[in-house]
Amino acid sequence: MSNMILGKHEAEWHRQVPITADLQALKEICWINPGYVPVSQAVLDSPLSMADIRDASDRLARFAPYLMEVFPETAATGGILESPLRRIDRMQAALERAYGCTIPGSLWLKMDSHLAISGSIKARGGIYEVLKTAEDIALRHGLPKPGDDYRVLAEDRFRQLFSQYEIAVGSTGNLGLSIGIMSAALGFRVTVHMSADARQWKKDLLRQKGVQVVEYAADYSVAITQGRKLALQNPMCIFIDDENSQTLFLGYAVAALRLAEQLRREDIPVDAQHPLFVYLPCGVGGGPGGVAFGLKMVFGDHVHAFFAEPTHASCMVLGMATRLHQAVSVQDFGIDSKTVADGLAVGRPSGFVGRLMEPFLSGCYTLSDERMFRMLAQLVDTEDIRLEPSALAGMWGPVLSARDPAFAGYIARHGLQAAMPRANHIVWATGGSMVPRAELDSYYQKGKSLS
Ligand SMILES: *Cc1c(COP(=O)(O)O)cnc(C)c1O
C-alpha cells in the first residue's frame, strides 16, 4: 500500500510531479520553473510594481537621518543600510577546481552578511517594516509633518508613544534580531517567538536589548502560528507576518535599486550580452522573493533568479512544483526540515511569495548541509570571508550553471550560450557578521573536516 499524501497516493505524486520523489529522497536537485515567462507578461498579474519599490526606497531615505543618529555605525553610508558587492575570483577558481567545471563569466558576492544593525538579509525587510509601522503610528498622531527631519522620532515623546504598542514576530533567529533590535531602539515593546532551532546567542542578545523572547520546542511554523494567535488577542500588538507581509517583501525589494547603482558604479552591464544570474538562499521566501522581484523590475529578462534551499527544508520548490504553495509542508512528504542553515529551516513556504514569484523565478535547487559547510571553509581559505552556513546556499548555483543538465537546458532555451562567457553570477550571502567568532570557527572546522 502506498502512502497517502494530501489525499493522493505517493506514487501518484511521483508520477504527476516527478521532482517530489527526489525531494523525498533528499537528493540535491535543480528544478527549472515551467511557469517562468517574459517579464512583460509576468507583470500583468503582479500585485506589486516598481512604484511600490520606489515608495519603500523613499521611506528608507526619510529614515536615514534617524538611523544615522540612533545607530552611529550607519553614519558611513549616510543612514542607508547597504552591503558591499565583492568580486570573488579566487573562490571561483577554487569551486572550479573542487567540482571539475568552468564557471562561465564572473563571480560576485553580495554581502548582506555584513549589513549594519543586524548582520543579515533580514536587516532589509525586518527593519523596513518596523520603520513603516513607526511612521504610520507617528503620522496618525500628526507628526512628523511632511518634510520634517525624522530625527525627532528619537525624542522622548515618540518613544513614549511607541511604548504603548507591542511588536511581535515569529522567527528562526535573524528576523527576530532585526525586528527586535529596531523595535526596541524606537521604544516599542517587542516579543519574539522563537523556534527550537534558534541559536542561544541570538536569544541572549535579544534579551540584553530588552526584547521578550518566547521559546518553542517546535519548528518555525509553530512559533509563527502561536505568535500570530497571541498577538491577535491584543489590539495594541502589531504582528509582523513573515509569511504574508507585502511590507517586508518591499523592504527586501529595495535591494534591487541599490544593486543596480552598485553595478553601474562597477561598470558591470546587465543586458542581452551580459546576463545576470542571482542565487538566493530561501526560507519562507520573502527575502529572496523580494530581492528577485525587485531585480526583475529593474533588469527584466536579463536577470535570472534562482532560489537555493537545503535538501531537508525544500519547502519553496515543493510548494511551487506542486503549485500547492502554503498548502503543503515538507513534513507532509516526510521531510524533516532539520538543517544547520539558520533562516532556511522552514517547512512551509509563503503562499503569497510563491504565487507572486511563479512567473518571475527561473528555478530552485537544493543542496546538502555538508556542501554548505565545505564551501564555507573554501570561502574562508580563498577570500578570508566568514559567513553562516545558510549564506553559502547560493554558492552552489554557479557550479550548477556550469555542469547541471537541467540548468544547461535553461541556458539553451533562452539562447544564452553565446553570452555565458560574459555572464555575472551574484551569490547572495545572507548572514554571518553577527555570529560569535567561536561559532564561526567551529563552522570552519566542520567544513575542513568534510573536505
Ligand atoms: C531568513 C534568512 C534567509 C531566507 O529568507 P526568507 O525570507 O525566510 O526566505 C536566508 N538566509 C538567512 C541567513 C536568513 O536569516
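Residues numbered from 1 in each chain as written. Predicted model: local features only at pLDDT ≥ 70, side-chain atom pairs only at ≥ 80, totals over all residues. Heavy atoms only, no water.

Caption draft 1: Up close: the site of the ligand. In the vicinity of the ligand lie 16 residues, with Lys122, Asn174, Gly285, Gly287 and Thr430 positioned nearest. At 2.7 Å from an oxygen atom of the ligand is found a side-chain nitrogen or oxygen belonging to Asn174. Contact distances for the ligand include 2.7 Å between an oxygen atom and a backbone N or O atom of Gly285. About the coverage of the ligand: the protein hides 98% of its 370 Å² of free accessible area. (Near = heavy atom within 4 Å. Polar contact = N/O pair within 3.5 Å; in protein donor to acceptor, adjacent residues only side chain to side chain. Areas by Shrake-Rupley, 256 points an atom, 1.4 Å probe, with all protein chains shown as cover.)

Caption draft 2: Examining the environment of Phe293 more closely. When you line up the elements, Phe293 lands in helix H12 (residues 286-299). Judged by relative accessible area, which is 0%, Phe293 ranks as buried. Separated by 227 residues in sequence, Phe293 and Tyr66 place their C-alpha atoms 28 Å apart. (Helix = DSSP H or I, 4+ residues; strand = E, 2+ residues; numbered from the N terminus. Buried < 20%, exposed > 50% of the residue type's maximum accessible area, 1.4 Å probe, protein only.)

Caption draft 3: Representation of the domain arrangement of the chain. Under the domain assignment used here, the chain contains domain 1 (4-49 + 72-117 + 247-450) and domain 2 (122-245). Spacing between the C-alpha centres of domain 1 and domain 2 amounts to 26 Å. Between domain 1 and domain 2, the contact holds 34 residues from the first and 27 residues from the second. Summed over both partners, the interface of domain 1 with domain 2 comes to about 2,500 Å²; 57% of that surface belongs to carbon and sulfur atoms. For the domain 1 face of the interface with domain 2, the top three residues by lost area are Thr247, Leu248 and Asp342, together amounting to 26%. The tally of links from domain 1 across to domain 2 stands at four salt bridges. Glu82 is the salt-bridge partner of Arg124, the closest N and O atoms lying 2.7 Å from each other. Across the domain 1-domain 2 interface, the total number found is 11 residue pairs in polar contact (both at pLDDT 80 or more). Broken down by secondary-structure element, the contributors of at least two residues to the side of domain 1 that touches domain 2 are helix H11 (246-265) and helix H18 (437-450). Considering every element that reaches the side of domain 1 that touches domain 2, the biggest residue donor is H11, with seven residues. Residue classes in the side of domain 1 that touches domain 2 are distributed as 18 nonpolar, eight polar and eight charged. (Domains from an automatic or database assignment. Contact = heavy atoms within 4.5 Å. Buried area = accessible area lost by both parts, 1.4 Å probe. Salt bridge = Lys/Arg side-chain N within 4 Å of Asp/Glu carboxyl O. Nonpolar A, V, L, I, M, F, W, Y, C, P; charged D, E, K, R; others polar.)

Caption draft 4: Spotlight on the packing of aromatic side chains. Following the criterion strictly, the structure yields 16 aromatic pairs and no others. Plain terms: the ring middles of Tyr99 and Trp396 are 4.9 Å apart, the flat faces sit at 75° to each other, and that makes the pair edge-to-face. Separated by 297 residues along the polypeptide, Tyr99 in helix H5 (residues 89-99) and Trp396 in helix H16 (residues 396-403) bring together distant segments of the chain. The same class applies to Tyr99 as to Trp396, namely buried. Directly above the ring of Trp13 sits Lys8, whose terminal nitrogen or CZ lies 4.1 Å from the centroid. Above the face of the Trp108 ring, Arg87 is positioned so that its terminal group lies 5.6 Å from the ring centre. (Phe/Tyr/Trp six-rings, centres within 6.5 Å; stacked < 30°, edge-to-face > 60°. Lys NZ or Arg CZ within 6 Å of the ring centre and 35° of its normal.)

Caption draft 5: Broad picture of H11. The end-to-end C-alpha distance of H11, which contains 20 residues, comes to 30 Å, matching closely the 28 Å that a straight helix rising 1.5 Å per residue would cover. Of all the 20 residues making up H11, 16 are buried; the element is thus mostly covered by neighbouring parts of the structure. The residue sitting at the N-terminus of H11 and contributing the capping side-chain oxygen is Ser245; that oxygen lies 3.2 Å from the backbone nitrogen of Thr247. Asp267 lies just past H11 and shows a positive phi near 60°. (Expected span 1.5 Å × (residues − 1).)

Caption draft 6: Main features of helix H6 (residues 122-140). Look at H6: 27 Å from first C-alpha to last across 19 residues, which is about the 27 Å you get at 1.5 Å a residue. Most of H6 is tucked away, with 15 of its 19 residues classed as buried. The positive-phi residue at the C-terminal boundary of H6 is Gly142, with phi of around 80°.

Caption draft 7: Geometry of the nonpolar core. Formed by 161 residues in total, the largest nonpolar core has its most connected members in Leu109, Phe162, Met357, Met395 and Trp428. Both of domain 1 (4-49 + 72-117 + 247-450) and domain 2 (122-245) provide at least three residues apiece to this core. Once residues lying within four places of it in the same chain are set aside, the contact partners of Phe162 are Ala134, Ile137, Ala138, Leu153, Leu186, Gly187, Phe188 and Arg189. (Core = buried A, V, L, I, M, F, W, Y, C linked by side-chain atoms within 4.5 Å.)

Caption draft 8: Fine view of the pairing of strand S11 (residues 303-310). With eight of eight residues buried, S11 is to be regarded as a mostly interior element. Burial of S11 is two-sided: the residues Val303, Ala305, Phe307 and Glu309 facing one way and the residues His304, Phe306, Ala308 and Pro310 facing the other way are all buried. Where strand S10 (residues 276-281) meets S11, six bridges bridge the pair, whose relative direction is parallel. Each bridged residue has a counterpart across the sheet, and for Pro281 the counterpart in S11 is Ala308. Each parallel crossover has a hand, and for S10 linked through H12 to S11 it is right-handed. By the bridge criterion, five bridges tie S11 to strand S12 (residues 363-367) in an arrangement that is parallel. Along S12, the bridge assignment pairs Phe306 with Gly363. (Pairing = 2+ DSSP bridges. Right-handed = clockwise from strand over helix to strand, strands pointing away.)

Caption draft 9: Inspection of the packing of H6 against helix H8 (residues 174-186) at higher detail. At a minimum axis separation of 8 Å, H6 and H8 run at an interaxial angle of 35°. Crossing geometry of H6 relative to H8 is assigned as right-handed. Here H6 contributes Lys122, Ala123, Gly126, Ile127, Val130, Leu131 and Ala134 to the contact with H8, which in turn contributes Asn174, Leu175, Ser178, Ile179, Met182, Ser183 and Leu186. When grouped by side-chain class, the residues that make up the contact of H6 with H8 number nine nonpolar, four polar and one charged. (Axes fitted to C-alpha atoms, helices over the stretch in contact; angles between N-to-C directions. Left-handed = near helix turned anticlockwise from the far one by under 90°.)

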